[in-house]
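Architecture and fold: a report
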Amino acid sequence: MDRVSAFDEPLKKLLGGATAKVMAEHLDLHTVGDLLHHYPRRYEERGRQTALADLPLDEHVTVVAQVADARVLMFNNGRGKRLEVTLTDGHGRLQLVFFGHGVHKPHKELLPGRRAMFAGKVSVFNRKMQLAHPTYQLLDAESVDEAGATEAVDAFAGRLLPIYPACKQLDSWRIAKAVDTVLPSAQEAVDPLPPSLREGRGFTALPEALLKVHRPQTKADIAEARDRLKWDEAFVLQVALARRRYADTQLPAVARGPRPGGLLDAFDAELPFTLTDGQLKVSKEIFDDLATEHPMHRLLQGEVGSGKTMVALRAMLRVVDAGGQAAMLAPTEVLAQQHHRSITEMMGELAEGGMLGGSEQGTKVVLLTGSMGVAARRKALLDLVTGEAGIVIGTHALIEDKVRFHDLGLVVVDEQHRFGVEQRDALRSKGKQPPHLLVMTATPIPRTVAMTVFGDLETSVLDQLPAGRSPIASHVVPAKDKPHFLSRAWERVREEVENGHQAYVVCPRIGDDAEDEAAGKKAKKKTPEDDGEKRPPLAVLEIAEQLAKGPLAGLRIEVLHGRMNPDDKDDVMRRFAAGDVDVLVATTVIEVGVNVPNATAMVIMDADRFGVSQLHQLRGRVGRGSAPGLCLLVSEAHEAGPARARLSAVAATLDGFELSRIDLEQRREGDVLGQAQSGVRSSLRMLTVIDDEEVIAAAREEAVAIVAADPELTRLPELRTALDALLDKEREQYLDKG
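Reading the values: rules and limits
Residues numbered from 1 in each chain as written. Predicted model: local features only at pLDDT ≥ 70, side-chain atom pairs only at ≥ 80, totals over all residues. Heavy atoms only, no water. Helix = DSSP H or I, 4+ residues; strand = E, 2+ residues; numbered from the N terminus. Buried < 20%, exposed > 50% of the residue type's maximum accessible area, 1.4 Å probe, protein only. Contact = heavy atoms within 4.5 Å. Areas by Shrake-Rupley, 256 points an atom, 1.4 Å probe, with all protein chains shown as cover. Axes fitted to C-alpha atoms, helices over the stretch in contact; angles between N-to-C directions. Parallel < 35°, antiparallel > 145°, perpendicular 65-115°, else oblique. Left-handed = near helix turned anticlockwise from the far one by under 90°. Nonpolar A, V, L, I, M, F, W, Y, C, P; charged D, E, K, R; others polar. Pairing = 2+ DSSP bridges. Salt bridge = Lys/Arg side-chain N within 4 Å of Asp/Glu carboxyl O. Core = buried A, V, L, I, M, F, W, Y, C linked by side-chain atoms within 4.5 Å. Phe/Tyr/Trp six-rings, centres within 6.5 Å; stacked < 30°, edge-to-face > 60°. Lys NZ or Arg CZ within 6 Å of the ring centre and 35° of its normal.

Take the overall build of the protein chain next. Regarding its fold elements, the protein chain presents 29 helices and 21 strands. Expressed as a percentage of the 738 residues in the protein chain, the buried residues total 53%. Taking the intrachain contacts of the protein chain between residues at least 6 apart in sequence as the baseline, contacts between residues at least 24 apart amount to 74%. A total of about 33600 Å² of accessible surface is found on the protein chain, and carbon and sulfur atoms cover 52% of it.

Right, dumping it as structure tokens:
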């Protein structure tokens, strides 16, 4: 067998069709290589038994324990049979139960004193933990006599049993058996690390690492194998990203240098405040990139309210000064309109180029969204193709084929995580040469995630708030334990309104017919186990009605949610911004970009239903003016539970980067890498983005050096092979479009 094909061998050839089918459908394992990279989650020491006392409810577990007793009980007037087996590990006890025809085999095999490995889902019956119909494997089946049994157990005791990520259809030890079948192929593994790097860092060879991770003799074997396999993942991924960055530096772009006395200088001269040091520093990084003849690819991270829009606007003005056009892509119509409003306000008469009373140096700033009238849309499209409009702000409508630019020089993408990479790419393809790209996000991203997910972008961080931003006090309101706290929360909202301010109330759900119908369909699919589910999340329409009749009676209350007609949404937002609405009851549509400096209070209902980053984003909507902000996180979650711990963490700090670390630790990286990055997600098996910061940083450094010296990797064919395996079609596209 040649070196590559052993790993590409389909599993059904070696394991048989049924097992291979389950592996493909439920574990996404198709080839020998896939299975060899399906690493054990943890290891059982066969001599040290699992603590039965610590079993997690509702999870699939594997336990090694001894049968204490077993008895068959009759029920249904003797028509039904039930086998109850009690297990012990010296610390705790666990009951197994088998019914019907499933009783015969375990009744013969699970005799008191026998040791076995059992797997199943932990449930509670009559206040006792139990496994119903677990699968099991005897650990001393060959040796029935006492002396032989002890010998067999002792032989097992020294071995580390790999426990694999499993599924209902395939237990961990069946996976272990399958791994035994393919393990000889590990010898054929192609090592992606250049020999100098491997020797320099003292790594074990890849075939040996695979052998040790699946069948370790000692704990040192496991550590050694993991160190090596983590490095491979981090390194191959960073090489892929480094090659993307290198390829980008080879693309041509129009350099957009400064023009003294131009639009940007005129804008800066009119600014009523001074820019922060952070804004100046980041602007310089961006201006330096814009002045080069290959496209900028930069990620701008900044807390809500750190002045990212100002930095982006100055970049757009620099491009307009150099004869180009700039497009800003926003994820929603509300946000596009908001950006358009705030940018035209910031620019004043400079945004009225070519109009009566507009400035000589000005340019046109146009808005393009899907719900615009035909005439307005036609006018906007004409302004873009003639170059009359230097700046366009819009939603996905900007990406449509009909949209043509005179000379697109810069694309600014707001809130990257809401855009597929395809959309970013479609807009970039509208330039005569690739335009410069600036991606903005208000979601603070820990450095490691930025290096992994946005590894093809250079990163700038705005971490200082502009002068005039007020502190925000945050508190958790335990509505269930202390209902009077909730009453006090509504009193606080009233006080803010009486002092001339405004408030937001955020709910997780809309509560309209369309949503209820969807929920109904879901409910029909519910299984009996779902009955214990908690109540549905609180809804905007219901809460608004309750508040208007109850604690906030007499105040001007309006609702805002994503299913409203765009004109109505806009109307509500405009009236809220103008101060004609006291309390806005909304879904998370207000999470991004809504700027009402007079809004000082926010009450988030069912706050435990939102993620950490989302709560932080929402909170950033208050305290945007000179008055201090107040954010109340209302929750019925149990005081000792993880949901409350999460809320307390949010209440305890305003540092988004700190919160994003907490968030990541709780969710792990699965969700963080998001749908658009599915290729990367599925390739991280050993590496955890949050814990392995040093590995990722070191791998990135090595990758950059290797790609700089040999961009095509001609001298490293093994690394190329590993890259091709990582970058199957879907992943190649992800990286290409990133």
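There is more to say after this.
So, on to the packing of helix α10 (residues 219-250) against helix α27 (residues 693-709). One way to put it is that α10 packs onto α27 with a least axis distance of 8 Å and a crossing angle of 45°. In terms of axis orientation, α10 runs oblique to α27. Viewed along their axes, α10 and α27 form a crossing whose handedness is right-handed. Across the interface between the two elements, Lys 230, Trp 231, Ala 234, Phe 235, Gln 238, Val 239, Ala 242, Arg 243, Arg 245 and Tyr 246 of α10 pack against Val 695, Ile 696, Ala 698, Ala 699, Arg 700, Glu 702, Ala 703, Val 704, Ile 706 and Val 707 of α27. Tallied by class, the residues present in the contact of α10 with α27 amount to 14 nonpolar, one polar and five charged.

The subject of this paragraph is the sheet that holds strand β20 (residues 599-604). Through backbone hydrogen bonds, the strands of a sheet pair up, either in parallel or in antiparallel fashion. Taken in spatial order, the six strands make up an open sheet running β16-β21-β20-β17-β19-β18, and their pairing is parallel. Among the strands making up the open sheet, the edge pair consists of β16 (472-478) and β18 (557-560). Strand-to-strand twist in this sheet, taken as the mean axis angle between neighbours without regard to direction, amounts to 20°. In this sheet, strand β19 (residues 583-586) lies alongside β18 in parallel orientation, the contact comprising four bridges. Bridged to Glu 558 within β19 is Leu 584. Helix α21 (residues 566-577) rests against β17 (502-506), β18, β19 and β20 of the sheet, and its axis sits at about 135° to β18.

Our next topic: the sheet that holds strand β15 (residues 458-462). Ordered by their spatial adjacency, seven strands build an open sheet running β11-β12-β10-β13-β14-β9-β15, and the pairing between neighbours is parallel. Both outer strands of the open sheet, β11 (364-368) and β15, are each paired with one neighbouring strand and no more. Shown here is a sheet whose adjacent strand axes are inclined to one another by a mean of 20°, direction ignored. As judged from the five bridges shared by strand β9 (residues 297-302) and strand β14 (residues 436-441), these two strands associate in the parallel manner. Directly across from His 297, in β14, lies its bridge partner Leu 437. Sheet strands touched by helix α13 (residues 308-321): β9, β10 (325-329), β12 (389-394), β13 (408-414), β14 and β15. Its angle to β13, the strand with the most contacts, is close to 170°.

This part takes up the pattern of salt bridges. Inspection of the entire model under this criterion finds 36 salt bridges. The closest approach of N and O atoms between Glu 109 and Lys 105, which form a salt bridge, is 3.9 Å. One end of the pair is Glu 109 and the other is Lys 105, both in helix α5 (residues 104-109) and four residues apart, which spans about a single turn. Note that Glu 208 and Lys 212 form a salt bridge whose closest N and O atoms lie 2.9 Å from each other. Residue Glu 208 and its partner Lys 212 are both found in helix α9 (residues 206-214); the two are separated by four residues, about one turn of the helix. We classify Glu 208 as partly exposed; its relative accessible area is 36%. Of the residues examined, Lys 212 reaches a relative accessible area of 16% and is grouped as buried. Overlapping salt bridges, with partners in common, bring together Arg 488, Glu 491, Arg 492, Glu 495 and Glu 496 in one network.

Next up on the list: the packing of α9 against α10. Interhelical geometry of α9 versus α10 gives an angle of 125° and a closest axis separation of 8 Å. Between α9 and α10, the angle is such that the two are oblique. Seen along the crossing, α9 lies across α10 with a hand that is left-handed. Contacts from Leu 206, Glu 208, Ala 209, Leu 210, Lys 212 and Val 213 in α9 reach Asp 221, Glu 224, Ala 225, Arg 228, Leu 229 and Asp 232 in α10. Grouping the amino acids of the contact of α9 with α10 by side-chain chemistry returns six nonpolar, no polar and six charged.

Core analysis: the largest hydrophobic core is formed by 39 residues, its most contacted members being Met 316, Met 347, Ile 391 and Leu 410. With nine residues, α13 is the single largest residue contributor to this core. Each residue touching Met 347, except ones within four places of it in the same chain, is listed here: Phe 267, Leu 313, Leu 317, Thr 363, Val 365 and Ile 391. Within the second largest apolar cluster, 32 residues are counted, among which are Leu 27, Val 179, Leu 210 and Ala 225.

Looking now at the pairing of strand β3 (residues 80-88). Direction of pairing for β3 relative to strand β4 (residues 93-99): antiparallel, over a ladder of seven bridges. Along β4, the bridge assignment pairs Arg 82 with Phe 99.

For the coordinates displayed, the defined rule picks out six aromatic pairs. Taken together, a centroid distance of 5.1 Å and an interplanar angle of 55° make the contact between Tyr 504 and Phe 576 tilted. On the criterion of sequence distance, the pair formed by Tyr 504 in strand β17 and Phe 576 in helix α21 is long-range, its members being 72 residues apart. Each of the two residues, Tyr 504 as well as Phe 576, counts as buried. Joined through ring pairs, the aromatic side chains of Phe 98, Phe 118 and Tyr 136 make up one cluster. In this structure, Arg 318 packs its charged tip against the face of Phe 287, placed 4.1 Å from the ring centre.

Locating Ser 185 in the fold gives a position in the loop between α7 (172-182) and α8 (195-200). The contacts of Ser 185, once residues within four sequence positions are left out, are Ala 6, Phe 7, Val 32 and Leu 36.

Okay, the environment of Gly 629 next. Looking at the element boundaries, Gly 629 is found in strand β21 (residues 629-635). Here Gly 629 falls in the buried class, since its relative accessible area comes to 6%. Separated by 158 residues in sequence, Gly 629 and Pro 471 place their C-alpha atoms 6.2 Å apart. Excluding anything up to four places from it in sequence, Gly 629 contacts Pro 471, Ile 472, Ala 473, Thr 600, Val 622 and Gly 623.

Further remarks concern unusual backbone geometry. Although it is not a glycine, Asp 28 sits at a positive phi angle of roughly 60°. Topologically, Asp 28 is positioned in the loop between α3 (17-27) and α4 (32-36). A positive phi angle, close to 55°, is found at Leu 713, a residue other than glycine. Tracing the backbone through its elements, the reader meets Leu 713 in the loop between α27 and α28 (717-726).

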